[in-house]
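Spelled out, the chains give:
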Amino acid sequence: MSLTEDFETAVSRVNGLAVAPASQVLLDLYGLYKQATAGDVSGARPGMTDFKGRAKFDAWASRKGMARDDAMRGYIAAAGKL
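Calculation rules
- Residues numbered from 1 in each chain as written.
- Predicted model: local features only at pLDDT ≥ 70, side-chain atom pairs only at ≥ 80, totals over all residues.
- Heavy atoms only, no water.
- Phe/Tyr/Trp six-rings, centres within 6.5 Å; stacked < 30°, edge-to-face > 60°.
- Helix = DSSP H or I, 4+ residues; strand = E, 2+ residues; numbered from the N terminus.
- Buried < 20%, exposed > 50% of the residue type's maximum accessible area, 1.4 Å probe, protein only.
- Core = buried A, V, L, I, M, F, W, Y, C linked by side-chain atoms within 4.5 Å.
- Contact = heavy atoms within 4.5 Å.
- 1 Å grid on protein atoms, 1.4 Å probe; cavity = no way out; pocket = protein on both sides within 12 Å on 5 of 7 lines; lining within 4 Å.
- Points joined across faces, edges and corners; volume = space filled by probe spheres on them.
- Nonpolar A, V, L, I, M, F, W, Y, C, P; charged D, E, K, R; others polar.
- Axes fitted to C-alpha atoms, helices over the stretch in contact; angles between N-to-C directions.
- Parallel < 35°, antiparallel > 145°, perpendicular 65-115°, else oblique.
- Left-handed = near helix turned anticlockwise from the far one by under 90°.

## Focus: the packing of aromatic side chains
Tallying each qualifying case throughout the model produces 3 aromatic pairs. With 5.9 Å between their ring centres and 20° between their planes, Phe-7 and Tyr-33 make a pair best called stacked. Of this pair, Phe-7 sits in helix H1 (residues 3-15) while Tyr-33 sits in helix H2 (residues 23-38), and the two are 26 residues apart along the sequence. Among the residues examined, Tyr-33 registers a relative accessible area of 33% and is labelled partly exposed. Taking the centre distance of 5.3 Å and the plane angle of 70° together, the rings of Phe-7 and Tyr-75 count as edge-to-face. With Phe-7 in helix H1 and Tyr-75 in helix H4 (residues 68-80), this pair connects stretches of sequence that are 68 residues apart. Both residues of the pair, Phe-7 and Tyr-75, belong to the buried class. Here the aromatic cluster, defined as three or more aromatic residues joined through ring pairs, consists of Phe-7, Tyr-33 and Tyr-75.

## Quick look at the nonpolar core
Counting residues in each nonpolar core, the largest one holds 11 residues, listed as Phe-7, Ala-10, Val-11, Val-14, Leu-29, Leu-32, Ala-36, Ala-71, Met-72, Tyr-75 and Ala-79. At the level of secondary structure, the elements contributing two or more residues to this core comprise H1, H2 and H4. For Val-11, the residues in contact, after removing those within four places along its chain, are Tyr-33 and Tyr-75.

## Describing the layout of surface pockets
If you add up the space inside the largest pocket, you get close to 240 Å³. The wall of the largest pocket is formed by Val-11, Val-14, Asn-15, Ser-23, Leu-26, Leu-27, Leu-29, Tyr-30, Tyr-33, Lys-52, Lys-56 and Tyr-75. When contributions to the lining of the largest pocket are tallied by element, the ones reaching two or more residues are H1, H2 and helix H3 (51-61). The element best represented in the lining of the largest pocket is H2, accounting for 6 residues. For the lining of the largest pocket, a count of residues per class yields 8 nonpolar, 2 polar and 2 charged.

## Regarding the packing of H2 against H3
Where H2 contacts H3, the axes come no closer than 8 Å and their chain directions differ by 60°. Our classification of the angle between H2 and H3 gives oblique. Seen from above, H2 lies across H3 with right-handed handedness. Counted together, Leu-27, Tyr-30, Gly-31, Lys-34, Gln-35 and Ala-38 of H2 and Ala-55, Lys-56, Ala-59 and Trp-60 of H3 form the full contact between these two elements.

Everything listed is a geometric property; what it means functionally is a separate question.
Rendered as structure tokens:
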């Protein structure tokens, strides 16, 4: 399988989990997913009252500069631990 196919399989597995992982694990997965699919973070950081949006933005921003393939590999590895 190609890296893209492995990534898509990992995304499907994570989306089909019966029990949601811990919040930090979800944020790590989100940051890797966004970096792999959309590239570097864009847009303004949400305001202080939007805790969830701000945490997601920060998780994505922490991956800034990471190559698409590296983000996919990171996502696959993190999903494999679940």
